[in-house]
Amino acid sequence: MRLARLVLAGLGVALLTGCPRPAGVQTSLTGPATPTPEPKPTPIPTPYVPNKRLEIGKIFNGMQYRVHFETDYGTTATRDRNEAESYVAELTVKVKVPKPHQSLAELSQLNPKLPELLPVLPQLIEGANVSPYFDELYRLKVEQVKSNVKRLDTVLTKHNFYDCETILELQHPETKRRALLIQADMDVDEDGSDSDRIPVVDGSSLTFQPFTSYRWAKKSETPNPFLAQREESLAKAREDAGKPGVTAERTKALKRIISDIEEEIYSLKKYSFLVGAVDPFIVLPKLAVGQKSPFSGATGDYCVVVHDGVLYPAIVGDVGPGYKMGESSLRICKEINKRSNAMNRPVSDLKVTYLVFPGTSEKPFGVPDLTKWHDRCAKFLDELGGTHGELFTWADLTAPPPPTPTPTTPSPATPAASASTPKPAP
């Protein structure tokens, strides 16, 4: 019995103290032993360099940009801070320059009713030439982008870069009537002022100018509504120029400002101008005006704007930047799209056809005569082969309303003398 107790005591000690186990073997009271997993090494942090990444976005003017971001090994922060090439951005601007089309099918895709309105157009296009003004227009657009590429926020918007589809030189083989066909979009021109006809003009637009190229001598003493503002600016500029300590550079700039304001004041006092809100006119870029070409336009030339089956008579009323095409007065824009304003163009797509009749300007310029403009445009359309459409008739919004007729009160009728009433004695 004593021997048995000793054996049991030895087994208990062995269970409490444990026996040595082979490495990697785990004992379990409930199941077989499982091996311990090998520990994984700590991963090395991803280095910052070298690194390349491409991102694509679009800025407000519609230009898409691709950013290639790269990092590389440098030296020390002190050295790299003073190294010009350690922190740079390289910019490449790519622009596709469109080609003009010269087919009736392509024109019809943009203005489907054009062949129906102008039945002789197929023959005119067969003998037409692409105007050199088209290449010049896009050359100036490219130059504008190049000159402003350091300030992408001032670069032409993508919409305004591609604002002209084609420019064709048309001529009727018999009448020899010429026309410049321009296929473009339509932007709004609100410029112009005329205190003789319209004492108050909305000049709140940021791009508003009270002048147009088409002008005539004022007929009344009513001051232009934008004259007082320029007289105040002139007084302020002269005051600044007379202050002591003005630098030579600032003095030169002020002289130029004073000269410009004086010229504007002279024009506002002497002339009246077209008014975008009431007069139907279009704007041609400088490149297409005053050139030595039989197809060169001029201020005052008659023209017809064709959109959605309607022909609108107008004139060339203003000359704009050489890199922009497709501007019409607010009067035309409102007729096409009632929501038109300085911030909302009436036609965004290139679906407007402008027919300009070069060499038709009549001088001296005078107060717009919309009836005469209508008749002259109808004549030139006939000389170009006629039209199956109806030329729109403009109402004169500046004409005074007809006087209200004075109501007449009928006098009471005199009762007929009764047979029983004796006649008064003579």
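Remember, predicted model here, so these are calculated numbers, not experimental data.

I tried to follow the overall build of the protein chain on my own but got confused; where do I start?
The helix and strand inventory of the protein chain stands at 11 helices and 12 strands. When each of the 426 residues of the protein chain is scored for burial, the buried share is 35%. Taking the contacts inside the protein chain whose residues are at least 6 apart along the sequence as the reference set, 73% of them involve residues at least 24 apart. Entry remark: accessible area of the protein chain is about 27,700 Å², with carbon and sulfur atoms responsible for 56%.

Please clarify how the side chain of Glu327 should be interpreted in this entry.
By the secondary structure assignment, Glu327 is in strand E11 (residues 327–329). Among buried charged residues, Glu327 stands out as having no salt bridge; its nearest opposite-charge side chain is Lys324, 4.1 Å away. Filtering out sequence-adjacent residues up to four positions away, Glu327 remains in contact with Asp187, Val188, Asp189, Ile282, Val283 and Tyr354.

What should I look at first to understand the packing of helix H8 (residues 227–241) against helix H9 (residues 248–270) in this one?
Relative placement of two packed helices is described by the angle separating their axes and the distance separating the axes. Contact pair H8 / H9: the axes reach a minimum separation of 9 Å and the direction vectors enclose 155 degrees. In terms of orientation, H8 lies roughly antiparallel with respect to H9. Along this stretch, H8 crosses H9, giving a crossing that reads as left-handed. On the side of H8, the interface is formed by Leu227, Arg230, Glu231, Ser233, Leu234, Ala237, Arg238, Asp240 and Ala241, while H9 contributes Arg250, Leu254, Ile257, Ile258, Ile261, Glu262, Glu264, Ile265, Leu268 and Lys269. Tallied by class, the residues present in the contact of H8 with H9 amount to 10 nonpolar, 1 polar and 8 charged.

About the criteria used
Residues numbered from 1 in each chain as written. Predicted model: local features only at pLDDT ≥ 70, side-chain atom pairs only at ≥ 80, totals over all residues. Heavy atoms only, no water. Helix = DSSP H or I, 4+ residues; strand = E, 2+ residues; numbered from the N terminus. Buried < 20%, exposed > 50% of the residue type's maximum accessible area, 1.4 Å probe, protein only. Contact = heavy atoms within 4.5 Å. Areas by Shrake-Rupley, 256 points an atom, 1.4 Å probe, with all protein chains shown as cover. Lys, Arg positive; Asp, Glu negative; His and termini not counted. Salt bridge = Lys/Arg side-chain N within 4 Å of Asp/Glu carboxyl O. Axes fitted to C-alpha atoms, helices over the stretch in contact; angles between N-to-C directions. Parallel < 35°, antiparallel > 145°, perpendicular 65-115°, else oblique. Left-handed = near helix turned anticlockwise from the far one by under 90°. Nonpolar A, V, L, I, M, F, W, Y, C, P; charged D, E, K, R; others polar.

Limitation: the analysis is restricted to geometry and does not speak to function.
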